[in-house]
Amino acid sequence: MMMMMMMILIYIYILYNYFVLIPIFHLLQFLPSLCHPFSVFSLLLLLLCQTCAGSMALSGVSKDRELRIHESLDELSTDLADYIAEISEAAVKERGVFAMALSGGSLIGLMGKLCEAPFNKTVDWAKWYIFWADERVVAKNHVDSNYKLAKDRFLSKVPIIPSHVHSINDSVSAEEAADEYEFVIRQLVKSRVISVSDISDCPKFDLILLGMGSDGHVASLFPNHSALEEKDEWVTYLTDSPKPPPERITFTLPVINSASNVAVVVTGESKAEAAHLAVDGVDPDFPSVPAGIVQPLKGNLAWFMDKPAASKLNGFQFSE
């Protein structure tokens, strides 16, 4: 009985700690005898975990976030597709619909696996509703349009119902576009296409997908910008974005942090310092970058990173 309990403790220890690639000799102290068959099996399991850890995604879960770190962009893209499909399936089962907000940038390309088998056949696309967490106030066919990027690389390749795709009005000012977009969202909250937060009046999207800039911005919430302080509106606007184009609309932090699930997808060494500041955070009460303020109040937060983006995180080691 004592030996069985010891083995169980070792297995739990392995499952919790394998992603830091703990050296085997630290665990051998728990194996009093290699003669027992359970001990032999345990050692084999340790060797397997140690061998595989260098070639598989590294995962870590804390009380408030999940880190999913990948060896390659292809692995990250596959994991991201699995993640989105699972949340979609759960939302459709629970509510009959799936409401997701997107950002732009490299995130859209990393969603490409959803357009391939098995996802293109197994996902219930007719139940999807698409929104944008931020958008540039340009024509929909403009090269800077997040809508155009998503349409060209994702939406045109899957059978989402066109009327379920909610983009901004690109023929009005940034302020008017933000007001109109918030009105659309409010109407869909009333009809329960989008859930409502049970701790505020904010919309509760099933999933908000965000990228992150090298300055740590998410959506169009930039460091030291007044949009970060907006608490009353669901959608706000910028006419002075530090990154062109200057006119944008964006979800506010209360909306982002009211989502059931938020995923921040970060790749490349140029994002490593910002990822470190956001994830490790010197002072969690005073985050140094906007991405560090993203934390769903009653939802789940997942960070998807490749190795270069995660290279400066505290507590992670990688084998070559």
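Residues numbered from 1 in each chain as written. Predicted model: local features only at pLDDT ≥ 70, side-chain atom pairs only at ≥ 80, totals over all residues. Heavy atoms only, no water.

(A) Summary view of the overall build of the protein. Helix and strand counts for the protein stand at eleven helices and twelve strands. Counting only residues that meet the buried cut, the protein has 50% of its 320 residues in that class. Considering only contacts within the protein whose residues lie at least 6 apart along the sequence, 72% involve residues at least 24 apart. A total accessible area of about 15,300 Å² is found for the protein, and carbon and sulfur atoms account for 57% of it. (Helix = DSSP H or I, 4+ residues; strand = E, 2+ residues; numbered from the N terminus. Buried < 20%, exposed > 50% of the residue type's maximum accessible area, 1.4 Å probe, protein only. Contact = heavy atoms within 4.5 Å. Areas by Shrake-Rupley, 256 points an atom, 1.4 Å probe, with all protein chains shown as cover.)

(B) Molecular detail of the sheet that holds strand E10 (residues 248-251). The antiparallel open sheet is built from three strands, whose spatial order is E5-E10-E9. Since the sheet does not close on itself, it has two edges, and those belong to strand E5 (134-136) and strand E9 (235-238), each with one partner. Taken over all neighbouring pairs, the strand axes of this sheet differ in orientation by 15° on average, direction set aside. Here three bridges tie E5 to E10, and the two strands are oriented antiparallel to one another. For Arg136, the partnering residue across the bridge sits in E10 and is Arg248. (Pairing = 2+ DSSP bridges. Axes fitted to C-alpha atoms, helices over the stretch in contact; angles between N-to-C directions.)

(C) How the structure looks around the pairing of strand E11 (residues 261-266). Counting buried residues along E11, six of its six residues qualify, which places the element largely inside the surrounding structure. For strand E8 (residues 207-211) and E11, the ladder comprises four bridges, and the chain directions are parallel. Considered in E11, the bridge of Gly211 is made with Val265. Bridge analysis of E11 against strand E12 (residues 300-306) gives six bridges, and the strand direction is parallel. Note that in E12 the partner of Val264 across the bridge is Trp303.

(D) Layout of unusual backbone geometry. Here the bond from Ala117 into Pro118 is cis, since omega is 5°, no more than 30 degrees from zero. Among the structural elements, Pro118 can be located in the loop between helix H5 (106-110) and helix H6 (119-122). In this chain, Pro244 is followed by Pro245 through a cis amide linkage whose omega measures -5°. Tracing the backbone shows Pro245 in the loop between E9 and E10. Look at Arg192: it is not a glycine, yet its phi comes out positive at around 65°. Checked against the element boundaries, Arg192 lands in the loop between helix H8 (174-190) and strand E6 (195-196).

(E) Highlighting the nonpolar core. Ile84, Met111, Trp128, Phe154, Phe251, Trp303 and Met305 are the most contacted members of the largest nonpolar core, which has 92 residues in total. At nine residues, the largest contribution of residues to this core is made by helix H4 (residues 73-95). Not counting the four nearest positions on each side in its chain, Met111 is found in contact with Leu80, Ile84, Met100, Leu102, Phe154 and Leu209. (Core = buried A, V, L, I, M, F, W, Y, C linked by side-chain atoms within 4.5 Å.)

(F) Structural detail: the environment of His225. Summarising the element assignment, His225 is placed in the loop between E8 and E9. By relative accessible area, which is 13% here, His225 ends up buried. Separated by 13 residues in the primary sequence, His225 and Leu238 have C-alpha atoms spaced 9.2 Å apart. In this structure His225 touches Leu238 and Asp240, once residues within four positions along its chain are discounted. Among the polar contacts made by the side chain of His225, one reaches the main-chain amide nitrogen of Ala227 at a distance of 3.0 Å. (Polar contact = N/O pair within 3.5 Å; in protein donor to acceptor, adjacent residues only side chain to side chain.)

The values are spatial; any link to function lies outside them.
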